[in-house]
Amino acid sequence: VRSQLRLVSKILPAFCRIGALVGCLVLFAAWFGVVIFPPNTMEGSEELPNFREAAWQLIVTLTTANFPDVMLPAYERNRWPATLFFGSFLALGMFFMMNLLLATVYNTYSEERAADSLKRDRRRVQYVEDAFSLLSEDSIVKPEKL
């Protein structure tokens, strides 16, 4: 368990770098969504009324938990801007950024796991060599060598 926690702690910096990119994408898209669909319009007041709510809705949309619900009010009134906005956001966020995040976490985990395995194997070989050198001296294990 301790080794797995150590691996997770080594993965966190790479995860945070890609997570920051995803966060920047969400914040930019939230700002752009509030600008395109202003709060005084019907589509803006329903799902993207302010920056904070827009950011939250887009984070949840990025997980595809409420995708059609967020897009439909804007799509009913302004098809092209809504299609371009949500289509580009989902294409960039879900299909690129989330895959990049997953690939980064997986590669970092695999590299750290391989490094730990190599270190463990080297340590095991060193212990076997030490044990052999202790036992091979005059075929007696001397107490001062322990």
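Shown above is the structure to which this text applies.
Because the structure is a prediction, the values reported are computed rather than measured.

Draft legend 1. Looking closely at a positive patch on the surface. A grouping of Arg2, Arg6, Arg113, Lys119, Arg120 and Arg123 is seen on the molecular surface, where their side chains present a positively charged patch. For the positive patch, the secondary structure elements donating two or more residues are helix H1 (2-36) and helix H5 (79-136). Along the chain, Arg120 falls in helix H5.

Draft legend 2. Inspection of the packing of aromatic side chains at higher detail. The tally for this structure, following the rule as stated, stands at seven aromatic pairs. Ring geometry for Phe28 and Phe32: centres 6.0 Å apart, planes at 10 degrees, overall stacked. Of this pair, Phe28 and Phe32 are both found in helix H1, four residues apart, which corresponds to roughly one turn of the helix. A relative accessible area of 34% means that Phe32 is categorised as partly exposed. On the numbers, 6.2 Å between centres and 35 degrees between planes, the contact of Phe32 with Phe85 is tilted. Pair noted here: Phe32 is in helix H1 and Phe85 is in helix H5, with a separation of 53 residues, a long-range link. Among the aromatic residues, those joined into a cluster by ring pairs are Phe28, Trp31, Phe32, Phe37, Phe85 and Phe86.

Draft legend 3. Focus on the packing of helix H3 (residues 51-62) against H5. Axis separation between H3 and H5 bottoms out at 10 Å; the angle between their running directions is 55 degrees. Relative to H5, the element H3 is oriented oblique. Considering how the two elements wind past one another, H3 and H5 form a crossing that is right-handed. For the pair formed by H3 and H5, the contact residues are Leu58, Thr61 and Leu62 on the first element and Phe85, Phe86, Phe89, Leu90, Gly93, Met94 and Met98 on the second. Of the residues belonging to the contact of H3 with H5, the class tally is eight nonpolar, two polar and no charged.

Cut-offs used in this document
Counting of residues starts from 1 at the beginning of each chain's written sequence and follows it residue by residue. A pLDDT threshold of at least 70 governs which residues receive local features in this predicted model, and a stricter bar of 80 or more applies before side-chain atom pairs are shown or counted, although totals over entire chains, interfaces and linings include all residues. No hydrogens and no water enter the side-chain calculation; it runs on all heavy atoms of the structure. Residues enter patches when they are more than 30% accessible in relative terms and free of salt bridges; like-charged ones are connected within 9 Å and nonpolar ones (Val, Leu, Ile, Met, Phe, Trp, Tyr) within 5 Å. Residue-level accessible areas treat just the shown protein chains as cover; the underlying method is Shrake-Rupley with a 1.4 Å probe. Each reported salt bridge corresponds to a side-chain nitrogen of Lys or Arg within 4 Å of a carboxyl oxygen of Asp or Glu. His is not counted, nor are the chain ends, whereas Lys and Arg count as positive and Asp and Glu as negative. Note that the charge is assigned to NZ on lysines, CZ on arginines, CG on aspartates and CD on glutamates. The helix and strand labels rest on DSSP assignments: H or I over at least four residues marks a helix, E over at least two residues marks a strand, and numbering proceeds from the N terminus. Planes of paired rings set the category: under 30 degrees apart is stacked, over 60 is edge-to-face and the rest tilted, where pairs are Phe, Tyr or Trp rings (Trp by its six-membered ring) whose centres lie within 6.5 Å. Exposure is judged per residue with a 1.4 Å probe applied to protein chains only, and the accessible area is read against the type maximum: over 50% gives exposed, under 20% gives buried, and values in between give partly exposed. Orientation is described by lines fitted to C-alpha atoms, with helices fitted over the stretch in contact, and by angles between N-to-C directions that extend from 0 to 180 degrees. Roughly parallel means an angle under 35 degrees; roughly antiparallel, over 145; roughly perpendicular, 65 to 115; everything else is oblique. Crossings are classed by handedness, with left-handed meaning an anticlockwise turn of the near helix from the far one by less than a right angle and right-handed meaning a clockwise turn. A contact between two residues is defined here by any heavy atoms of the two lying within 4.5 Å. Gly counts as polar in this scheme, as do all residues outside two lists: the nonpolar Ala, Val, Leu, Ile, Met, Phe, Trp, Tyr, Cys and Pro, and the charged Asp, Glu, Lys and Arg.

By themselves, these are just geometric observations and shouldn't be taken as functional.
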